[in-house]
Amino acid sequence: MLVDQDLSLPYQKIEGSNLKILGCSIRTIASLSKSFPEHKNAAIAIVRKIVKCSDESVIHSASEVLFFDKEGLDPDLQAILLDYCQNTNPENLGSINNLDYGLAHIVKSGEYWQAIEFIEAYIRKHKDPKIIKSFDSLSNELISQKSIFNKVVTRWLLSDCMSVAKSVLTIFDFIHDKKFELQADFTEINKNDTETIYLSCKKACGWLFTQPVAATSFIISTINITPESEIERIQNLIFNPLLLSYSGMVKEYLLSLSESENETIRRMTTNLLSQLESYHEGLKAAWDINELSPSTSQRESYNRYHSEVMSKAMKNQPLGPLASLFTPTILLYGNSSIHHIHHGPDQDTTRQETKMHTISHSIEFPRLQQLDPHGLDYLLRVFRLEGCSV
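Since the model is a prediction, treat every value here as computed from it, not as a measurement. (Residues numbered from 1 in each chain as written. Predicted model: local features only at pLDDT ≥ 70, side-chain atom pairs only at ≥ 80, totals over all residues. Heavy atoms only, no water.)

(A) Broad picture of the side chain of Asp-185. Mapped onto the fold, Asp-185 is located in the loop between α10 (162–171) and α11 (194–207). When near neighbours in sequence (up to four residues on either side) are disregarded, Asp-185 contacts Ser-147, Asn-150, Lys-151 and Thr-154. (Helix = DSSP H or I, 4+ residues; strand = E, 2+ residues; numbered from the N terminus. Contact = heavy atoms within 4.5 Å.)

In structure tokens, the structure reads:
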């Protein structure tokens, strides 16, 4: 049993212990602290002594405690172990997986702030936004709790560390819904600072440009705390570059807001859709200018070039793992293939006809990437880096 008055003996033991004993001691003390909570101070004092060792095997033992002994673990002891696990090597996947499951449980238990502060500090320490990919259980748990995820996104977008801000884009790899919407968390934004509000909008546009609905929904959600005099700036940010680049998805999202209860949002939506219509009318007017159109010979020359490029790409494409399982068949005419099924040596064959079907997949490519790739790239870089110091 752990007792405060006998603490000097464990200290002496720890000083001369090898690494395996230290790792076992952490797991044992965590288990005993749950059985004898009245001796919490003694347990914490011993653990503080152990965590002075920064060996990876001891850190791994601490991560095992957060994973396997997470139920009923004392919050103060948990905080010490989380702080100690900041020294985990990102390449040590065993420890990372333990931390991932442990942090996901912490979020489920309602102590999400400890998990958020840990992963944010860990990304900042190692300056690698891809780290969040190793924490897939934590990421999915944050995403499943929309209010917490909105808080994380808002907090990270406004971070002065570029790796933390970029992690917002990385975590969207776990989201496969292109219509996923975000809401700015106003507890993370100074409502009285219009520049901070606008900065959060630019950050959302910069980092989430490839997630246009998420970026647009985040920006529009800030309308509730944006002064009337700043509404036009927010509107212009949505129009260029988001609406101009994604006139399909973003327009569809804006149409869904056309009957919003918020009058400011309705007015902004109407103005944006009118701007887009005027922009398209201007493009259509340019089609009638013959001097801007390529000649017939130029179009035919480009079509031949494009056909040759596609033919070479089809011939040189690498065979996938499934290609060896099937025999390719070339149809000279028609839209179906016919084969016969043989049931046996003395039985008739069955004629089988297979109709061909069309399989297609489409994505909306940002229009400005074609019209002004360098200008768009520069604009997004400015949005992303503004306010970042590390």
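There is more to say, and it comes next.
(B) The nonpolar core, seen in detail. Ranked by size, the top nonpolar core spans 94 residues in total, and within it Leu-81, Phe-135, Phe-149, Trp-156, Phe-172, Leu-182 and Ile-219 carry the most contacts. Take this core: its biggest share by element is eight residues, from helix α13 (residues 231–245). Those residues in contact with Ile-219, other than ones at most four positions away along the chain, are Cys-201, Ala-204, Cys-205, Ile-234, Leu-237, Ile-238 and Leu-242. (Core = buried A, V, L, I, M, F, W, Y, C linked by side-chain atoms within 4.5 Å. Buried < 20%, exposed > 50% of the residue type's maximum accessible area, 1.4 Å probe, protein only.)

(C) A look at unusual backbone geometry. Cis geometry is adopted by the peptide bond preceding Pro-241, which originates at Asn-240 and carries an omega value of 25°. Phi is positive for Lys-127, close to 50°, though the residue is something other than glycine. When you line up the elements, Lys-127 lands in the loop between α7 (112–126) and α8 (136–144).

(D) Highlighting the packing of helix α3 (residues 40–50) against helix α5 (residues 75–84). Their axes nearest at 10 Å, the elements α3 and α5 cross at an angle of 5°. Classed by the angle they form, the pair α3 and α5 counts as roughly parallel. Where α3 abuts α5, its residues Lys-40, Ile-44, Val-47 and Arg-48 lie against Asp-76, Leu-77, Ile-80 and Leu-81. Counted by class, the contact of α3 with α5 contains five nonpolar, no polar and three charged residues. (Axes fitted to C-alpha atoms, helices over the stretch in contact; angles between N-to-C directions. Parallel < 35°, antiparallel > 145°, perpendicular 65-115°, else oblique. Nonpolar A, V, L, I, M, F, W, Y, C, P; charged D, E, K, R; others polar.)

(E) View of the packing of α11 against helix α12 (residues 212–221). Taken N-terminus to C-terminus, the directions of α11 and α12 make an angle of 175°; their axes are 8 Å apart at the nearest point. Compared by their axis directions, α11 and α12 come out roughly antiparallel. Note on element contacts: α12 touches α11 through Ala-215, Phe-218 and Ile-219, opposite Ser-200, Cys-201, Ala-204 and Cys-205. Looking at side-chain class alone, the contact of α11 with α12 contains six nonpolar, one polar and no charged residues.

(F) Molecular detail of the side chain of Asp-69. Mapping Asp-69 onto the fold places it in the loop between α4 (56–68) and α5. When residues no more than four places from it in sequence are discounted, the contact partners of Asp-69 are Arg-27, Lys-34 and Glu-64.

(G) Examining α11 more closely. Compared with an ideal rise of 1.5 Å per residue, which puts 14 residues at 20 Å, α11 spans 20 Å between its outermost C-alpha atoms and is within 8% of the ideal. Where burial is concerned, most of α11 is hidden: eleven out of the 14 residues are buried. Among all positions of α11, only Ile-197, Tyr-198, Leu-199, Ser-200, Cys-201, Lys-202, Lys-203, Ala-204, Cys-205, Gly-206 and Trp-207 are buried. Those residues of α11 that are buried lie in contact with α9 (146–157), α10, α12, α13 and α18 (373–385). Measuring from the backbone nitrogen of Glu-195 back to the side-chain oxygen at the start of α11 gives 3.1 Å, which picks out Asp-193 as the cap. (Expected span 1.5 Å × (residues − 1). Polar contact = N/O pair within 3.5 Å; in protein donor to acceptor, adjacent residues only side chain to side chain.)

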